[in-house]
Each structure stands twice: as structure tokens, then as C-alpha cells.
Amino acid sequence: MSINQKVGFVFRQENCVGCGACTVACQIHNELPENHRFRKVDRYEVQREDGAIDVWLSHSCMHCENPACLMVCPTKAYHVRDDGIVVLDREKCTGCGLCVSACPYSAVSIREDDGKADKCNMCVELLDRGMKPACVTGCPVQCIEVDSIDEVLKKPSASKEGVGYGDCITKPNMVIIKERA
Amino acid sequence: MKINRRAFLQGVGASSIVSSLSGLMPGIASATEQRGGAPDKLLKREGEIKYHTCQRNCADRCLLKFTVQNGRMTYVEGASEMKKMGTSPCVKGHAYVQYTYAADRILHPMERAGEKGEGKWRRISWDEAYAKISSRLKTIIKDHGADSILPYSYSGHEGVIGKYGGPSRFFNAVGARKLDRKVCVFAAYEGLKSVTGTYQGPDPYDNIYTNCYISWGQNETATNVHGIKFINQARDKGAKLLVVNPIRTPIASQADIWLQPKPSTDTHLAAGIMKYLIENNLADTKFIEANTLGYQDLLKRLDGMSYDEIEKVTGVPTEKMFKFAKAYGESELSVLRLGYGMQRNYNGARMSRAIAMMHAVAGQYGKIGNGFIYDNTQADDSLNYSKGRADHIHPNSDTVGHVNMTEIAKAIHPTNPTAYGKPIKPIKAVINYNGNFVSVAPDSNACRRGAMRDDLFLVVHDFLMTDTAELADIIVPSTTQFEFPDMGTDYNCYHMQTSEKVIEPVGESKDNWIFFKELAAHMGLDHHPELRVDYEQILRDFLDTDEPAFRHNNITYEQIIKEKFVTVYDQRPYFGDGKYKTDSGKIEFYSEMMKDAGYHPVIDFGLPEDEMIPEEKNLPFRMLSPAIPQRANSAFYNVKYIRNFPAYFAKVNTEDAKELGIENNDRVRLSNHRGEAFFIAQVSSQVGRGTLMAPKNNWRRMDPQGKASCTNNLTTDKLTDMGGCSAYHSTNVALEKA
């Protein structure tokens, strides 16, 4: 994976057990307020032929190719890096909340402590040092990865559709892998 | 205001978002720079690294790496050189820095300054604390005898020194009452020993080679989350996943086939599967002939049981059970993992036995990639506990009374103390450490009544104001596990692991050894050389063992210190030699051991309801109270980030909820003759009809509704059929909207 390749989250939804370790690993790395989360885990009860099952979606910022947050931000606080990661310069943020409203994935929120927007930056400070994001190393089931989106999408089991997640006009860079499901 | 909500949801197969971990109370934050580098976030990862084993009571027993800067713990990560761990702690382990530096830590000794439980405290010095505790204990010993003093502890610290090596030396020197610490696994120990002679099994690392993983009564997400990646490796190569659980656990949802029996009907279900295997030529007759005794007795016993009867008792449709049995029977290699919860039933030993027998009918012992995993205590059982605890200094160990920790409410009853069904001499002092019996023991209201006795001297050594500590006469601050050196064994992957001292004790806290060693000196008991040693000597005493499993690799103290973790040798493949650990050396379908215990020697179909008093038996709901992933018994309730995850809920079946007019997030009241508890309803088909699930061991004082509710207000303290184990899940309750 070179720095110029577009990177994104790769999620094996069929393996996620909803424990919340990714959420907490992220909060701790990013020193977030106790009730502020960049990464959330939702449970879906899905009806199948022989009864309902539970499916979890671990999700954060999708690092879209056409980020809605960037498009609506009046202070140009957002930019997209060469590797596709969408980062937010909080010094430029005025807390107007347009990005919060615009994001189709509810990935941006206003922090209670300073009234400014905040979101996942894919732990770029770790990626830039050859390390992996806190959620990736913090998942005991190993169902989150970051990888070159173009490469991953070549796999027949890769998709931009999953339970609770779907592609949209912002072109999110998250891929669901369904190797068994 | 979503710009493209419709597009977002396209392709979504879900019927509804049932719950989210988002959207809780707002909090306070420190600002974080978000653009590009933000190197300040990395500073906490730079410093000295200490290897320390998580000592919570979980089979994973993770080896973790802690960063220390200027004496302060700053970051935790998994010891990735150990394949068990990968790179990650569990959801709780991530927060160990927050756990250690929690704002509500007790940092100095305190004496009660009001009525018991009133919450008024006076700060005292350690010298005053020692003087007051030793003086009162000496008076109690003089007036009532040393066996009026009861230690209470369990799994708040599972390290070798923290659990037994330190405290037990003190209690042995005192000659205190013996606490039988049998709350957990012992019913299944008996059931499994009646079949193969042991409760131990193959190394779970070999799960990657199996063709079929069976999770029976286990929620891996809560109690063995690091094992899931190995199951997934097997599944990626084509292995099937079969699950039996009355609750739809995460891997039950991911299973190829999930059976949802009514709680505690597992004997019937295992019998049904055996019957199918035998009738459909899927029993491994060659294996059975070579390795078992009593097969004809088993066939006779199964003849008397009809599929209709099995379906009626278990609630599992016969066709679905057949499908499960076929998939299982046709798998070349099947490994079965039995959970630690299912045996906590009045029929716990008998159910465990039936499941282990089923695995023998399928011929699934003795190869890499098959076998039966329950409690892999190979490393732990090899330690020299007698020497490590200094059992030889107990002055009256043969005659002193015993109290089963599950029955502590009965033992400290204000007027009629009993143990094992017989009246006992009153207990005048309880020293509580590594535990929190008011939250953890069953029948919590009765525990509380006993602890409130004016004539009961309650000393609590803890680092938090727990439900038990708030009733104490004296609280002495303990360290966390990170503030002294120790070692630990896991009960999954045969490891012996180091626990280096990570930081100095916080505040005035003292660790389990220093506290009991200094108290012994104040009691005049330090004439025993065993009470004057250092940490290393205690560890060396535990390691002074000739057990072959431990000695095979010449494991030494120095090796563990240097290598951080060692794997204790055990058989591979497990039972590969065909020698079973029963008296007969065979797998026993007919068991004299069961007969001697008063049960049917082949399969005993007794159910918990048979043993309930009518007023409980007639209640409509069985309440299961298993572990949840974000708590470890009563630990982590106060920990930043972890306390966001709900722990005061009751899962209610959708149809049951409809009948009772209960909707998701309604407040509900659960009750029986022991008391009541108020929870938030989570309406779901995760539990079957007539079953409720509420998390175990939640604290009264942390109840977010302010109702002082806890699950153990309702749970039974009656013991299991064999092994003297707790039977929390044999609890019936009524349910109503509150």
C-alpha cells in the first residue's frame, strides 16, 4: 500500500461480534471525551428464513471521495489527502454544524467541550509512521483493516453494501468483505 | 437533515436498528489537534514497556504491554508476540489506564463514622488501621475463636500472589474459617470427570484445524473474545460453526446452525443428538468399541426417550435438531467448547456429563482439531499451591469449619447461620479482599442484611467504594494489580505469564501481600518465616513443583521473567494415546461416580424446576444472568469509557413483551421471593419465550436509575447437584412493566 493509493476501511461484517473494543480503542488513542465517539457499533436484527439474527456494523468516517462535509464547510476546514483520507483542521472550525447535517453517515459530531466539529481521521499520525489505526489494532476479532480500496474492491467478496451500510453519492471509502456470508 | 439518507440505506438488509452504542450522555473533553500529524497523541506510547498479565477472571488472561513514563502508566496494548493476543486487549483491557487512575479510587484508610452503610467516613492512618483491625480481631479470637474470622475473596485478582500467595498465608497463620471458593466451574468438573476423568482438553490454538466448532453454552464474545479469530480461521477454510445457547450470542447469529433450547434442558438435547447419531449410522462405533464402557447401557437409556419428549422439554424443533446432529456427525473433526455459565444450574454436573458423552458417541476425542474444551488449567494445576499458600501453618486445618462462598448470605445470617445445610458457629469478622460479595454473591439482599449486623466486623481491602465496602467498618486501600509484581496462569492456552510491577502504589494503597504481611506483624504472627518473605520467594514456592506438565520444559522462575510467557507442555493431540483419566481408563457411558452421587449412572434427566420451591417454580420467567463483554464480574463498573456500555438491562422476548405491554427501553420490574430489581427492557428475539437475560453482578450503588437494583437481588444461593457450585441460572422471576 503506497501513500498515493486511496485507502479506506475494510470491514468483515460477518465476523464482527459487537463488543465495542474498536470504539474504546479509538476513544483512548484520540483522547476523546467520555461520551464522544468517532467509531460506533450498531446492532441490527435481521430477519432470515429460519429466524432473526444479529449483525453489527462498526462505522466511523467513511473518508468519501466526494465528502459532503468538505463541500458544505464555509471555513474550508476539511481537506482530502493524497491517500484519500479526509482530515479536519479544527482550528478553522467555527462549530456551525453544517458538516454534521451534511454527512450521510452521521460520522461528524460537535464536541461538548469546545463546540467544534470532530471526526475520525483514520489515525493519520499512526499511518504516517507505518502503523495502523487504533480501531484496527484494537479489534480482538481482527475484523477491521485499512487497505488500498481499489485493490480490495477487485476481490469478488468485496462490496460497498452491507447490513446498515450502502454506497451513496459521496463515494465512501469503506468496503465490506463477505468471504463466507 | 441528511443529504442522502435514502442512498445511505440502500442495500441495507436490516429490519431495524435495535440498539446503538452511540448517543449517551455528553461529557467533558480535552482539546485534540486533528490535522495531519498530531504527534502529541503518540507521546503516551513512548516510554518504558512493562509486560503484565491481565488478572481479571477470564480464560483469555491476556499478556499486555504497558507504557510507563515518569512512573505513570500511559498506554496499554496487546503483547502481539503472543498469538493468543494478537494486537489487542478486549474492550475492557483497553481502558486499564482509566481503571488504574479512576477518579473514585480510594487512596487512604478509612473508618466508619456513622451507622453501617450510612456513608460517613473518617480518614485514618495505616498505623491506626492496623491497630484497630488487629485489636478487634484479637478480641474476636479470644472470645469466639479464630474460626469466627472468615476471609471472603474470589476473582478480583487472579495472580498467583494476589489471589492466594499473599492473603492465604495470613489466614492460615490466623487459623481462620475456610472459604470454599467453588462459585464457578466445579459442577461441570464433576460431570466431565464422570465421562473422561478430566475437565481439561486440547489447546485452543488447534481450533484452526477443525472442520466443525461447536459452541455450547458459551458466549465467546464476553468470555473468550481472543479465541474467536482462531474459530474464524477454521471457518475461512470451510469449517462449520454450530451453536447451542438459549441466548442468541453473537456467534450464534453467525452460526451455520444455532439451537436455542429452553434453559437447562441440555441433557435432553444432547440425548436427542446422540440418539440421532446412533440411529443414522453417524456414531463412531469403532471409536466407541475401542475407548468406552457402558455403550449398551447408553443405548437402553436412549431407547426410553422419544424425540417428541425431547422437543417438548427443550423447545428445539426435532427437524432442526436432526439438521444439527447430521452436520455434526458428518464432520470429520469437531471441537466442542463448553461454556462456564451453563453448569451454574441445579443440574449442572448432569448436563455437562451428557454433552461430553455425546462427543464420545461422535468419536470426537484424541485428534488434532477435535476434542472437548472446558477448563484448561494445565499450568495452574501444576503449581505448588500448598507451599505457595503455606497451608502447613494452619493450626487447625482439619477441624475448622468450611463456608461455601455461594452460601455467604446463609453463613452470615443474623440469627440462624448455616453452611452446607447445617447450623454453624457464628462468624464475627469478614475480611473481604479481591471480591465484592454484596454484588457478586447470590441473594444480595440477604448478603446485605448479614453484612449490616452490628456484631459483624467487616474489613474491606479494595481500591473502590463497592457495594460491600460501603457496609464496612474499616476500609483499607488496595493497589490495583499493576502496582506489584506477580505471575499468572491462563485457563485456555496452557500459559504461565509474568505480571511485572508497572507502577508504584497509587496514594497510600498497599498490595495484597504487603497488607496481609504487615497485618500479620501487628497480630504477632510474623514468627512464621512464611510471613516475612518477599514476592519472589512466594512465586518460587508456587513454582516448586514436580508436576510433569510443568517440568517437561524445565520451566523456571528466571525463564518466565525473561521470556514473559511460557507454554506449559501438555498432550498433543489431547487423549491421542487413548488413555482416559477415569478409574477404568475408558470413557464411561455408565458411571459409578454418578450412581454414588445419587443420580442415574448413564443419563440423568433431572431439571432445575424439580428442585425449586413451588413459589419460585410457578413464576413465569427463567432469568439467566451471564457475563457481558464490557464487564468482568463486578469490575469495570466505574471505568471511564467502559461505563458507557449499559449493564442494567433485561432482555425480554418480543412476544412476551407484547403480551405484557412492554416496549423497548421501558423500565421493568423483575421479582421473586428474594426481592426485586428494576431494569431497562431490551425487547428482542435474542432470548426465547419465557427467558429473561440480565447481566451478572451489577452494583447497587452504580444503578443509573437510582433504584439500587442489582441482578443478584433475585438469584438463588442453592448449590448445584455436584461440586458445590453456584446455580445462579436456576432462578425464576416474575416480570412486569414498572
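In this text the structure is predicted, and so the values were computed from the model without any measurement. (Residues numbered from 1 in each chain as written. Chains lettered and ligands numbered in written order. Predicted model: local features only at pLDDT ≥ 70, side-chain atom pairs only at ≥ 80, totals over all residues. Heavy atoms only, no water.)

Asker: Looking at this model, I keep getting lost on the overall build of chain B. Mind explaining?
Answerer: Across its full length, chain B holds 28 helices and 30 strands. On C-alpha atoms alone, chain B measures out to a radius of gyration of 26 Å, which is about the 27 Å that the 2.2 N^0.38 rule sets for 738 residues. A buried classification covers 66% of the 738 residues belonging to chain B. A sequence separation of at least 24 residues applies to 75% of the contacts in chain B between residues at least 6 apart. Accessible area for chain B stands at about 25,900 Å²; split by element, carbon and sulfur atoms hold 49% of it. Considering chain B, the positive charge centre built from 90 side chains and the negative charge centre built from 88 side chains are found 4 Å apart. (Helix = DSSP H or I, 4+ residues; strand = E, 2+ residues; numbered from the N terminus. Rg over C-alpha atoms; globule rule 2.2 N^0.38 Å. Buried < 20%, exposed > 50% of the residue type's maximum accessible area, 1.4 Å probe, protein only. Contact = heavy atoms within 4.5 Å. Areas by Shrake-Rupley, 256 points an atom, 1.4 Å probe, with all protein chains shown as cover. Lys, Arg positive; Asp, Glu negative; His and termini not counted. Charge placed at Lys NZ, Arg CZ, Asp CG, Glu CD.)

Asker: Explanation requested: helix H13 (residues 295-303) of chain B in the structure shown.
Answerer: A turn of α-helix holds 3.6 residues, and therefore any two residues three or four places apart point the same way. Residue and element names in this part refer to chain B. For H13, the set of buried residues is Tyr 295, Leu 298 and Leu 302. Around the axis of H13, the buried residues are gathered within 55 degrees of arc, so they sit on the same side. Pointing more than 90 degrees away from the buried face of H13 are the exposed residues Gln 296, Lys 300 and Asp 303. Tucked inside the fold, the buried residues of H13 contact helix H11 (266-279), helix H12 (285-291), strand S12 (292-293) and helix H16 (348-361). (Arc of directions from axis to C-beta.)

Asker: Even after reading the chapter, I still don't get the pattern of salt bridges, so can you show me in this structure?
Answerer: Close approach of charged atoms lets side chains of opposite charge pair. Per the counting criterion, the structure on display carries 64 salt bridges over all chains. Residue B:Lys116 pairs with B:Asp473 through a salt bridge whose shortest N-O separation is 3.4 Å. Separated by 357 residues along the polypeptide, B:Lys116 in the loop between strand S5 (110-112) and strand S6 (121-123) and B:Asp473 in the loop between strand S19 (457-462) and strand S20 (474-477) bring together distant segments of the chain. The buried category is assigned to B:Asp473, whose relative accessible area is 8%. B:Asp143 serves as the salt-bridge partner of B:Lys142, at 3.9 Å between the closest nitrogen and oxygen. Via salt bridges that share partners, A:Arg12, A:Glu14, A:Lys155, A:Glu179, A:Arg180 and B:Asp236 belong to a single interconnected network. (Salt bridge = Lys/Arg side-chain N within 4 Å of Asp/Glu carboxyl O.)

Asker: What's the story with the sheet that holds S6(B) in this structure? I'm lost.
Answerer: Residues and elements named next belong to chain B. Spatially, the 6 strands line up as an open sheet ordered S6-S5-S20-S19-S18-S7, and their pairing is mixed. Here the strands that pair on one side only, and so sit at the sheet edges, are S6 and strand S7 (149-152). Across the sheet, the mean angle from the axis of one strand to that of its neighbour is 20 degrees, orientation sign disregarded. Note that S19 and S20 share 4 bridges and pair parallel. Paired with Val 459 across the two strands is Ile 474, which belongs to S20. (Pairing = 2+ DSSP bridges. Axes fitted to C-alpha atoms, helices over the stretch in contact; angles between N-to-C directions.)

Asker: Any chance you could explain the nonpolar core here in plain terms?
Answerer: In globular proteins that are soluble, nonpolar side chains generally tend to be buried together. Core analysis: the biggest nonpolar cluster contains 129 residues, and A:Tyr78 and B:Leu670 have the highest contact counts within it. No other element matches the 5 residues that helix H1 (residues 21-29) of chain A contributes to this core. Beyond its immediate chain neighbours, meaning those up to four positions away, B:Leu670 contacts B:Met623, B:Ala650, B:Gly675, B:Glu676, B:Ala677, B:Phe679, B:Leu692, B:Leu714, B:Val733, B:Ala734 and B:Leu735. Core analysis: the next-biggest nonpolar cluster, separate from the first, contains 98 residues, B:Tyr276, B:Tyr365, B:Ala419 and B:Tyr494 among them. (Core = buried A, V, L, I, M, F, W, Y, C linked by side-chain atoms within 4.5 Å.)

Asker: Hey, could you run me through the pairing of strand S22 (residues 495-499) of chain B in this one?
Answerer: Two faces belong to every sheet, and in a regular strand the side chains alternate between them. All names here are of chain B. Burial of S22 is extensive: 5 of the 5 residues sit out of reach of the surface. Of the two faces of S22, the one holding His 495, Gln 497 and Ser 499 and the one holding Met 496 and Thr 498 are both buried throughout. Alignment of strand S21 (residues 486-489) against S22, held across 4 bridges, turns out to be antiparallel. In the sheet register, Gly 488 faces S22, and the bridge partner there is Gln 497. Taking the residues that link successive antiparallel strands as the turn, the S21-S22 hairpin has 5 residues, and the phi of Tyr 494 there is positive, at about 65 degrees.

Asker: Sorry if this is basic, but what is going on with empty space enclosed by the protein here?
Answerer: Taking a probe equal in size to a water molecule and rolling it over the atoms shows the remaining empty space. Residue and element names in this part refer to chain B. Summed over the entire model, instances satisfying the criterion amount to 11 cavities of 30 Å³ or more. Taken as a whole, the largest cavity encloses approximately 190 Å³ of empty space. Forming the boundary of the largest cavity are 23 residues, of which Cys 58, Cys 62, Cys 90, Lys 92 and His 226 lie nearest the centre. With 3 residues, the single largest contributor to the lining of the largest cavity is helix H8 (residues 220-223). Partitioning the lining of the largest cavity into residue classes produces 14 nonpolar, 5 polar and 4 charged. (1 Å grid on protein atoms, 1.4 Å probe; cavity = no way out; pocket = protein on both sides within 12 Å on 5 of 7 lines; lining within 4 Å. Points joined across faces, edges and corners; volume = space filled by probe spheres on them. Nonpolar A, V, L, I, M, F, W, Y, C, P; charged D, E, K, R; others polar.)

Asker: Is there a simple way to explain the sheet that holds strand S26 (residues 649-653) of chain B in this structure?
Answerer: By way of backbone hydrogen bonds, the strands of a sheet pair with one another, either parallel or antiparallel. Residue and element names in this part refer to chain B. Strand order around the closed barrel formed by 6 strands is S25-S29-S26-S28-S27-S30, with mixed pairing between neighbours. On average, each strand axis in the sheet is tilted by 45 degrees relative to the strand beside it, whichever way the strands run. As defined by bridge partners, strand S25 (residues 621-624) adjoins strand S29 (residues 691-693) across 3 bridges and the pair is classed as parallel. Of the residues in S29, the one forming a bridge with Arg 622 is Thr 691.

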